[in-house]
Amino acid sequence: MPTPPESVREIRVAALPDGLPRPEHFTIARTPPPVPGDGDVLVRNRFFHVFPALRTLLGGGVPGAPFPPLRPGDVLFGAAIGEVVSAPPGTGPRPGDLVRHFLGWREYAAVPAAQCTPVDDALPDPVVHLGSAAIAYTALTRDARVRPGDTVFVTGGAGGVGSMAGQIARLLGAGRVLGSTGSPAKAQRLVAELGYDAAVIRDAGAGAGPIAEQLAEAAPDGIDVLVDNVGGEQLQAAVGAARTGARFVLVGTLAGQLAPGLPGTTGPAEIDTFQLITRRIAMRGFGGLDDDGQGRPGWVERVGGWLRSGELTFPHVRFAGIESAPRALQEVIDGRHLGAVVVEL
Ligand SMILES: NC(=O)c1ccc[n+]([C@@H]2O[C@H](COP(=O)([O-])OP(=O)(O)OC[C@H]3O[C@@H](n4cnc5c(N)ncnc54)[C@H](OP(=O)(O)O)[C@@H]3O)[C@@H](O)[C@H]2O)c1
């Protein structure tokens, strides 16, 4: 492996936003390469994920969440894939290996060896490890227990999680798959590219009307499963459309997280709890992935197989160069893209 250059770049918080983050709230700083401490692996990052929860971290974070809030001067972080430059002997990773870790938004990272996960070729493209296939698969199988013939509604159906959840629901046997998105153009892409049967448009965009009415039209017999990335009025509408015994898994809160007038740390929703009771709706928060410590988790084989056979696609957009990262985040927040957004270094 070549030695690191004399200076490397990283993205830092310049100022906390009042409202949604924009590129001016970040700086691209030059710094000497990190010096790995005892037990650290030096990694040259190749890709990192650009994700909306950064808004929550910039807004002060959420108690109990696994990640600390971001403050002015902090380097941003998030899932990344990089090439090992050097590693302490006997820790597993070797120079040249690809590893997944959580110190993205910088060109080089010193990562504790225990926080590096090897990336092998079980998935056809290492970048898929930055996507949300694991979350979508686990939410649908472990939490919502989707069954053949189910009608499944995926809110945020065009996003990183949603674009995989809609496709995987179908592969797991769902009979009808519906998604929500932000514009008529994206609604068309949900149907044409991701195999959704129909799409509804949030915030009554383009005169689409209230989401509850759109959902009633798209699913006249109701829904059995909700994968909720949005919350707010979309969760409310899903409760109204639920069939008896429906299973809801709450993964995200985009409506609160990306609301300009809220701090990004709350996900308010008003729901009629009578309906939960009378229709025995099970509602469960997605608490993270299973880690049984037994090596490669089960989703990898199945998702890898679907990707290789062409039954599943990994929609994503790649931005080139660390300098593009603040703009990439803005475009994620603005809903410009379908699928996951990554920066390639
Ligand atoms: N529990 C967990 O372990 C876990 C893990 C991963 C992610 N999450 C959460 O799951 C959610 C989805 O994550 P993701 O990575 O898939 O994000 P994402 O959907 O890719 O986020 C960006 C999308 O959000 C939508 N959006 C923008 N403003 C919105 C608003 N005001 N209301 C509703 N939607 C809006 C836009 O899509 P459209 O234009 O298509 O609407 C945009 O493209 C996030 O809340 C994330 O934090 C939770």
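Residues numbered from 1 in each chain as written. Predicted model: local features only at pLDDT ≥ 70, side-chain atom pairs only at ≥ 80, totals over all residues. Heavy atoms only, no water.

The protein chain is annotated in an unreviewed UniProt entry as Zinc-binding dehydrogenase of Actinomadura physcomitrii.

Chemist: How should I be thinking about the site of the ligand in this particular structure?
Modeler: Surrounding the ligand, one finds 25 residues, the nearest of these being Gly160, Val161, Thr181, Arg202 and Gln257. One of the side-chain nitrogen or oxygen atoms of Arg202 is found 2.7 Å away from an oxygen atom of the ligand. Side-chain polar atom of Gln257 to an oxygen atom of the ligand: 2.6 Å apart, as the coordinates give it. For the ligand, the accessible surface in isolation is 930 Å², of which the surrounding protein chains cover 84%. Here the element with the most residues in the shell around the ligand is helix α7 (residues 254-257); it accounts for three residues. When grouped by side-chain class, the residues that make up the shell around the ligand number 13 nonpolar, 10 polar and two charged. (Near = heavy atom within 4 Å. Polar contact = N/O pair within 3.5 Å; in protein donor to acceptor, adjacent residues only side chain to side chain. Areas by Shrake-Rupley, 256 points an atom, 1.4 Å probe, with all protein chains shown as cover. Helix = DSSP H or I, 4+ residues; strand = E, 2+ residues; numbered from the N terminus. Nonpolar A, V, L, I, M, F, W, Y, C, P; charged D, E, K, R; others polar.)

Chemist: How should I be thinking about unusual backbone geometry in this particular structure?
Modeler: Most peptide bonds take the trans configuration, and most residues that are not glycine carry a negative phi. With a phi close to 45°, Arg145 is a non-glycine residue in the positive phi region. In this fold, Arg145 is placed in the loop between α2 (133-143) and β8 (151-154). Phi is positive for Asp203, which is not a glycine, with a value near 55°. Among the structural elements, Asp203 can be located in the loop between β10 (198-201) and α5 (211-218). Residue class for Asp203 comes out exposed when judged on its relative accessible area of 54%. (Buried < 20%, exposed > 50% of the residue type's maximum accessible area, 1.4 Å probe, protein only.)

Chemist: Got a minute to help me understand the sheet that holds β8 in this structure?
Modeler: Strands belonging to one sheet form pairs held by backbone hydrogen bonds; the direction of such a pair is parallel or antiparallel. Taken in spatial order, the six strands of this open sheet run β10-β9-β8-β11-β12-β13, and their pairing is parallel. Looking at the sheet topology across the chains shown, the edges are occupied by β10 and β13 (282-285). Between one strand and the next, the sheet's axes are offset by a mean angle of 15°, whatever the strand orientation. Bridge count between strand β9 (residues 176-181) and β10: four bridges; the pairing is parallel. (Pairing = 2+ DSSP bridges. Axes fitted to C-alpha atoms, helices over the stretch in contact; angles between N-to-C directions.)

Chemist: Explanation requested: the pairing of strand β15 (residues 340-344) in the structure shown.
Modeler: Taken residue by residue, a regular strand's side chains alternate between the two faces of the sheet. Of all five residues making up β15, four are buried, and the element is well covered by its neighbours. Bridge count for strand β3 (residues 40-50) against β15 is four bridges, and the pairing is antiparallel. Within the sheet, the bridge partner assigned to Phe47 lies in β15 and is Glu344. Relative to β15, strand β14 (residues 316-320) runs parallel, the two sharing five bridges. Note that in β15 the partner of His316 across the bridge is Ala340. Taking the sense of rotation as the criterion, the β-α-β connection linking β14, helix α10 (residues 325-333) and β15 turns out right-handed. (Right-handed = clockwise from strand over helix to strand, strands pointing away.)

Chemist: Would you mind showing me how to read the domain arrangement of the protein chain here?
Modeler: Much of the literature gives interface size as the accessible area that the parts lose upon coming together. Domains assigned within the protein chain are domain 1 (8-131 + 315-344) and domain 2 (133-285). Centre-to-centre, using C-alpha coordinates, domain 1 lies 28 Å away from domain 2. Carbon and sulfur atoms supply 59% of the area buried between domain 1 and domain 2, which totals about 1400 Å² over both sides. Here domain 1 and domain 2 share zero salt bridges between them. Taken together, the connections running from domain 1 to domain 2 amount to eight residue pairs in polar contact (both at pLDDT 80 or more). Taken together, the residues of the side of domain 1 that touches domain 2 sort by class into eight nonpolar, nine polar and one charged. (Domains from an automatic or database assignment. Buried area = accessible area lost by both parts, 1.4 Å probe. Salt bridge = Lys/Arg side-chain N within 4 Å of Asp/Glu carboxyl O.)

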